[in-house]
Amino acid sequence: MANNLMQEFPDIQILKDEPLSKYTNTKTGGPADWLAFPKDVAEVQKLVQFADANAMPLTVIGNASNLIVRDGGIEGLTMILTQMNGIQVEGNRVIAQAGASYIETTKAARDHSLTGLEFAAGIPGSVGGAIFMNAGAYGGETKNVASEVTAMLPDGTIKHYDNEELDFGYRHSAVQDNHGIVLEAVFDLKPGDQAEITALMDDLNARRAAKQPLELPSCGSVFKRPEGYFAGKLIHDAGLQGYTSGGAQVSTKHAGFIVNVDHGTATDYLNVIHHVQATVKEKFGVSLETEVRIIGRETE
Ligand SMILES: Cc1cc2nc3c(=O)[nH]c(=O)nc-3n(C[C@H](O)[C@H](O)[C@H](O)COP(=O)(O)OP(=O)(O)OC[C@H]3O[C@@H](n4cnc5c(N)ncnc54)[C@H](O)[C@@H]3O)c2cc1C
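Quick caveat, the model's predicted, so the values are computed rather than measured.

Reading the values: the criteria
- Residues numbered from 1 in each chain as written.
- Predicted model: local features only at pLDDT ≥ 70, side-chain atom pairs only at ≥ 80, totals over all residues.
- Heavy atoms only, no water.
- Core = buried A, V, L, I, M, F, W, Y, C linked by side-chain atoms within 4.5 Å.
- Buried < 20%, exposed > 50% of the residue type's maximum accessible area, 1.4 Å probe, protein only.
- Domains from an automatic or database assignment.
- Contact = heavy atoms within 4.5 Å.
- UniProt positions renumbered as here; feature names shortened; annotations may be inferred.
- Helix = DSSP H or I, 4+ residues; strand = E, 2+ residues; numbered from the N terminus.
- Polar contact = N/O pair within 3.5 Å; in protein donor to acceptor, adjacent residues only side chain to side chain.
- Pairing = 2+ DSSP bridges.
- Axes fitted to C-alpha atoms, helices over the stretch in contact; angles between N-to-C directions.
- Salt bridge = Lys/Arg side-chain N within 4 Å of Asp/Glu carboxyl O.

Notes on the nonpolar core
Here comes step 1: Among the nonpolar cores identified, the biggest contains 49 residues, and Val44, Tyr102, Leu117, Ile131 and Phe187 are the most heavily contacted of them.
Here comes step 2: Domain assignment of the residues forming this core places at least three in each of domain 1 (5-80) and domain 2 (87-211).
Here comes step 3: Setting aside residues up to four positions removed in sequence, valine 44 forms contacts with Pro38, Met79, Leu81, Met84, Met152, Ile181 and Leu183.
Here comes step 4: By size, the runner-up hydrophobic cluster in this structure holds 23 residues, among which are Ile235, Leu270, Val286 and Leu288.

Looking at the UniProt feature "active site" (unreviewed entry) in the protein
Here comes step 1: UniProt tags Arg171, Ser221 and Glu291 as "active site" (unreviewed entry). Separation in sequence by 121 residues is not matched in space for these annotated residues, since their most distant C-alpha atoms are only 11.7 Å apart.
Here comes step 2: By the element assignment, glutamate 291 lies in the loop between helix H8 (266-284) and strand E18 (293-295).
Here comes step 3: The residues contacting glutamate 291, other than those within four sequence positions of it, are Asn66, Met133, Tyr170, Arg171, Ser221, Val222, Phe223 and Lys224.
Here comes step 4: A polar contact is formed between the side chain of glutamate 291 and the side chain of arginine 171, at a distance of 3.2 Å.

Notes on the sheet that holds strand E2 (residues 31-37)
Here comes step 1: With respect to topology, four strands assemble into an open sheet ordered E1-E2-E5-E3, the strand pairing being mixed. The strands lining the two open edges of the sheet, one partner per strand, are strand E1 (13-19) and strand E3 (58-61). Neighbouring strand axes in the sheet, compared pairwise and without regard to direction, differ in orientation by 30° on average.
Here comes step 2: In the sheet, E3 pairs with strand E5 (residues 74-80) via four bridges, with the strands oriented parallel. Looking at the pairing, valine 60 lines up with methionine 79 of E5.

Overview of the domain arrangement of the protein
Here comes step 1: The domains assigned to the protein are domain 1 (5-80), domain 2 (87-211) and domain 3 (231-295).
Here comes step 2: Listed as interface residues are 13 residues of domain 1 and, on the opposing side, 12 residues of domain 2.
Here comes step 3: Linking domain 1 with domain 2 are zero salt bridges.
Here comes step 4: One can count three residue pairs in polar contact (both at pLDDT 80 or more) joining domain 1 with domain 2.
Here comes step 5: Residue assignment for the side of domain 1 that touches domain 2 shows that the elements contributing at least two residues are helix H2 (41-53) and E3.
Here comes step 6: The greatest single-element share of the side of domain 1 that touches domain 2, amounting to six residues, is contributed by H2.

Given below as structure tokens:
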């Protein structure tokens, strides 16, 4: 295994022991051994094939808005695709690279009077993360608009998926099962009225700002919706709003969110998550599963 990835790939921006708290929405998380910012598919492929050949763990993160990176950081190579952020509009199709912001993608659709992506106007992830998670809000889901996805498999080969092959489900897509890296997505939209599209996006964003603690760092809804219940209501009814461990706190504005109120760490977040899960289980017999992805090394 190369001791120095920067020497191996002088043309690719790579940082060593880079704190991921600089990139995560919660402002927590330990360092990546190596953090690379590839500029194009060829660079992604070089890194993927290198990791494969050297049995080096490889992790891809998007905008880290649905992610808790443990304080031990991430072993091996981590990639962030923010430099691959192109968005093109061709007829009724919006074609976005994986590192593009999902919010910017909704704006591109609006600017071309295309309707269908309004639901995502306030989802603060990348296009890659939205495909991976089948992000959704206000009755809309990524699965209803994503018609094609190009991904790279762990051996560096390219795979094209159509909508059916993506096997979208609640916060699930086939990319998760194949350990693929999303490179690009096509959204098939319909011609619409720009004023109506804008009004809907503004309305959804206002509703979001009224309900969600957007003024504080968080990772969105922490728990999946348990069948027959709402996670936020269970947490509220259990009297857990305001529960704090270190600097992480169950939001007093939206019980489904955990906010970083005072230099919290990933360990603080995990302590709050475990306390919420144990309390809700004890009071209501319901197991809360995390929607947020928890990755990285345990701290010793
Ligand atoms: C304030 C707030 C509000 C939110 N509201 C919503 C909402 O309404 N609806 C909703 O669904 N979510 C919501 N979220 C959660 C989050 O924005 C979405 O899940 C989003 O799709 C995650 O995208 P990301 O780029 O941030 O992914 P990350 O958090 O970086 O990663 C999430 C997972 O996707 C994987 N991943 C990321 N990029 C790629 C790629 N290119 N290829 C393969 N895998 C990849 C990562 O490995 C990780 O497992 C909210 C979050 C916040 C902070």
